[in-house]
Structures are given as C-alpha cells and as structure tokens.
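Architecture at a glance
Now for the letters of each chain:
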Amino acid sequence: MEDKLPHERPHHPVVVALAAKRAESLQLRIADQITAFAGSMRFVYVHVVLFAVWMLVFESNPWPTLTLAVSLEAIFLSTFVMIGQNRQAAFQQAKADHDFSESELELKSNTQLTREIHVLTVELHRRLVEEAKP
C-alpha cells in the first residue's frame, strides 16, 4: 500500500500499516463502511425519509414497531461506535509506540553525535594548544 492517498498529504507509517491491516479483513472493511455511513448526513436523510414514509403511509399506529426498530438500530449503531473507538485507541497506541521507538533512535543518534563532536573538539583543542606552544 502506498504512503500517500490521492489528494492527501503523506500519512504516518502507523496509519498506512493499520489501513493495510484493516483492508485485509472483510469484517473490518464492512464495519468501516457501516461506521462511515452511520456518521454521515446521508444516513440522517435516509432515516428521515424512511421514518416519515413509514409513519405516514404504511402504518396507522407506527409507534410500537417504530420504537422497536429504532431501539434495535441504536443497539447495533452503538456497537459500531465502540468498534470505531477501539480502532482509534489501537491506532493511537500503535502511533505512540512508533513515535517512542523513533524518538529513542533519535536520542541515541544525537548522543552518539554529541560524543563524536566532543572527541573532535578535544582533539582540535589539543592540536591548537600544542601548536601554539613555543
């Protein structure tokens, strides 16, 4: 998978890795599609139309059945919200782990460079002081 999605900036390596992992699982792809749809205004518009048609056209007393349908839908949607939250938590943890590893590597590199600069500075000072002595 590429590091860059169309029309977007490059993504963090963890984002790319998790997207690739999620793309491998049919269940996760379905959950992502449902979550994306349920979090859209299209979802709201579809429900407004369906419930209005249901209440006005198909049933004279829609409230008991409508209450049951909406309750069941709320149960399933809350599950998808939790799936999304779990996904976000997994991403945050993976990103934090990656960032920690990268910062540790950077710290080791900086420490090594600082030591090498110190050695060079001491050597330069020694040569300049010895050459300056009569």
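Computed from a predicted structure; not experimentally measured. (Residues numbered from 1 in each chain as written. Predicted model: local features only at pLDDT ≥ 70, side-chain atom pairs only at ≥ 80, totals over all residues. Heavy atoms only, no water.)

Some thoughts on the packing of helix α1 (residues 13-24) against helix α2 (residues 26-38)
Where α1 meets α2, the closest approach of the two axes is 5 Å, and the angle between their N-to-C directions is 105°. By the criterion of interaxial angle, the relationship of α1 to α2 is roughly perpendicular. Contacts between α1 and α2 involve Arg22, Ala23 and Glu24 from the first element and Leu26, Leu28, Arg29 and Asp32 from the second. (Axes fitted to C-alpha atoms, helices over the stretch in contact; angles between N-to-C directions. Helix = DSSP H or I, 4+ residues; strand = E, 2+ residues; numbered from the N terminus. Parallel < 35°, antiparallel > 145°, perpendicular 65-115°, else oblique. Contact = heavy atoms within 4.5 Å.)

What to know about the environment of Thr67
Its location among the elements puts Thr67 in helix α4 (residues 63-132). A sequence separation of 61 residues divides Thr67 from Leu128, and the C-alpha atoms of the two residues are 88 Å apart. A polar contact of 2.6 Å, which involves the side chain of Thr67, links it to the backbone oxygen of Trp63. (Polar contact = N/O pair within 3.5 Å; in protein donor to acceptor, adjacent residues only side chain to side chain.)

Observations regarding the pattern of salt bridges
Enumeration according to the criterion identifies five salt bridges in this entry. Salt-bridge contacts for Asp32 lead to Arg87; the nearest nitrogen and oxygen are separated by 2.3 Å. Taken as a pair, Asp32 in helix α2 and Arg87 in helix α4 lie far apart in primary sequence, 55 residues in all. The exposure class assigned to Asp32 is partly exposed, which follows from its relative accessible area of 21%. With a closest N to O distance of 2.8 Å, Arg127 and Glu123 form a salt bridge. Remark: Glu123 and Arg127 occur in helix α4; sequence separation between them is four residues, near one turn of the helix. Within the structure, one salt-bridge network assembled from shared partners comprises Glu123, Arg126, Arg127 and Glu130. (Salt bridge = Lys/Arg side-chain N within 4 Å of Asp/Glu carboxyl O. Buried < 20%, exposed > 50% of the residue type's maximum accessible area, 1.4 Å probe, protein only.)

Concerning the confidence of the model for the protein chain
When pLDDT is averaged along the protein chain, the result is 85, and 93% of the positions lie at 70 or above. Contacts for the low-pLDDT stretch residues 1-5, under 50 throughout, to residues beyond four places or in other chains number 10 contacts. (pLDDT = per-residue confidence, 0-100.)

Some thoughts on helix α3 (residues 41-58)
In this model α3 runs 25 Å from its N-terminal to its C-terminal C-alpha over 18 residues, within 8% of the 26 Å that 1.5 Å per residue would give. Residues of α3 that are buried include every one of Phe43, His47 and Trp54, and no others. Down the axis of α3, the smallest arc covering the buried residues is 40°, so these residues share one side. The outward face of α3, more than 90 degrees from its buried face, is lined by the exposed residues Arg42, Tyr45, Val48, Val49, Leu56 and Val57. Tucked inside the fold, the buried residues of α3 contact α2 and α4. (Expected span 1.5 Å × (residues − 1). Arc of directions from axis to C-beta.)

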